[in-house]
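Residues per chain, in single letters:
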Amino acid sequence: MARKKRYLTATMADGYVKTIGPTVAPFTHYWRIVAHLNDGKTEVFWGHTTSAKEAASKEALTKQAGKRYGWASFDFEIVALIEHPRP
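Computed from a predicted structure; not experimentally measured.

Some details on helix H1 (residues 52-69)
Argument step 1. In this model, H1 (18 residues) spans 26 Å end to end at C-alpha, consistent with the 26 Å of a helix rising 1.5 Å per residue.
Argument step 2. Considered for burial, the residues of H1 that qualify are Ala55, Thr62, Ala65 and Gly66.
Argument step 3. Looking at the buried side of H1, the elements it contacts are strand S3 (29-36), strand S4 (42-49) and strand S5 (73-80).
Argument step 4. In the stretch just after H1, Gly70 is the one whose phi turns positive, near 70 degrees.

What follows is the structure in structure tokens.
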């Protein structure tokens, strides 16, 4: 039997809303990195994971990436995904 497709929403602290779906994947958390570059520009990286622990592990990798690519700084956020009915 086919699994039910879900729609998931992440709402970040700054009000940004990301919707994922339809998906049958067991995603539970969304992460976002805003890299502040030395020239004043920013780059955004994001993804979703199946656990809070997996999402948190991305922060250590982000610190390494910041050093490697010479970012001035970065913001790293994790939020839980909320399931909602089809839009």
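Observations regarding the pairing of strand S1 (residues 6-11)
Argument step 1. By the criterion of burial, S1 is predominantly enclosed, with five of the six residues buried.
Argument step 2. Pairing between S1 and strand S2 (residues 17-23): five bridges, direction antiparallel. Along S2, the bridge assignment pairs Arg6 with Thr23.
Argument step 3. In the sheet, S1 pairs with strand S6 (residues 82-84) via three bridges, with the strands oriented antiparallel. Residue Thr9 lies in a different strand from S6, and its bridge partner there is Ile82.

Details of the packing of aromatic side chains
Argument step 1. With the rule as written, the count across this model stands at three aromatic pairs.
Argument step 2. Ring centres 5.9 Å apart and planes at 25 degrees place the aromatic pair Phe45 and Trp71 in the stacked group. Of the two residues, Phe45 sits in strand S4 while Trp71 sits in the loop between H1 and S5, which places them 26 residues apart along the sequence.
Argument step 3. Geometry around Trp46 places Lys18 over its ring, the cationic atom sitting 4.0 Å from the centre.

Details of the confidence of the model for the protein
Argument step 1. The share of residues in the protein with pLDDT of 70 or more is 97%, and the mean pLDDT across the chain is 92.
Argument step 2. Ranking the helices and strands of the protein by mean pLDDT puts S3 first, with 96, and H1 last, with 91.

Some remarks on the side chain of Arg32
Argument step 1. One can find Arg32 in strand S3.
Argument step 2. Reaching out from Arg32, the side chain makes a polar contact with the side chain of Asp14 at a distance of 3.1 Å.
Argument step 3. Looking at Arg32, its side chain comes within polar contact range of the side chain of Glu77, at 2.8 Å.
Argument step 4. Non-local contacts of Arg32, meaning those with residues more than four positions away in its chain, are made with Met12, Asp14, Tyr16, Val44, Phe45, Trp46, Asp75, Phe76 and Glu77.

Conventions adopted
Residues numbered from 1 in each chain as written. Predicted model: local features only at pLDDT ≥ 70, side-chain atom pairs only at ≥ 80, totals over all residues. Heavy atoms only, no water. Helix = DSSP H or I, 4+ residues; strand = E, 2+ residues; numbered from the N terminus. Expected span 1.5 Å × (residues − 1). Buried < 20%, exposed > 50% of the residue type's maximum accessible area, 1.4 Å probe, protein only. Contact = heavy atoms within 4.5 Å. Pairing = 2+ DSSP bridges. Phe/Tyr/Trp six-rings, centres within 6.5 Å; stacked < 30°, edge-to-face > 60°. Lys NZ or Arg CZ within 6 Å of the ring centre and 35° of its normal. pLDDT = per-residue confidence, 0-100. Polar contact = N/O pair within 3.5 Å; in protein donor to acceptor, adjacent residues only side chain to side chain.

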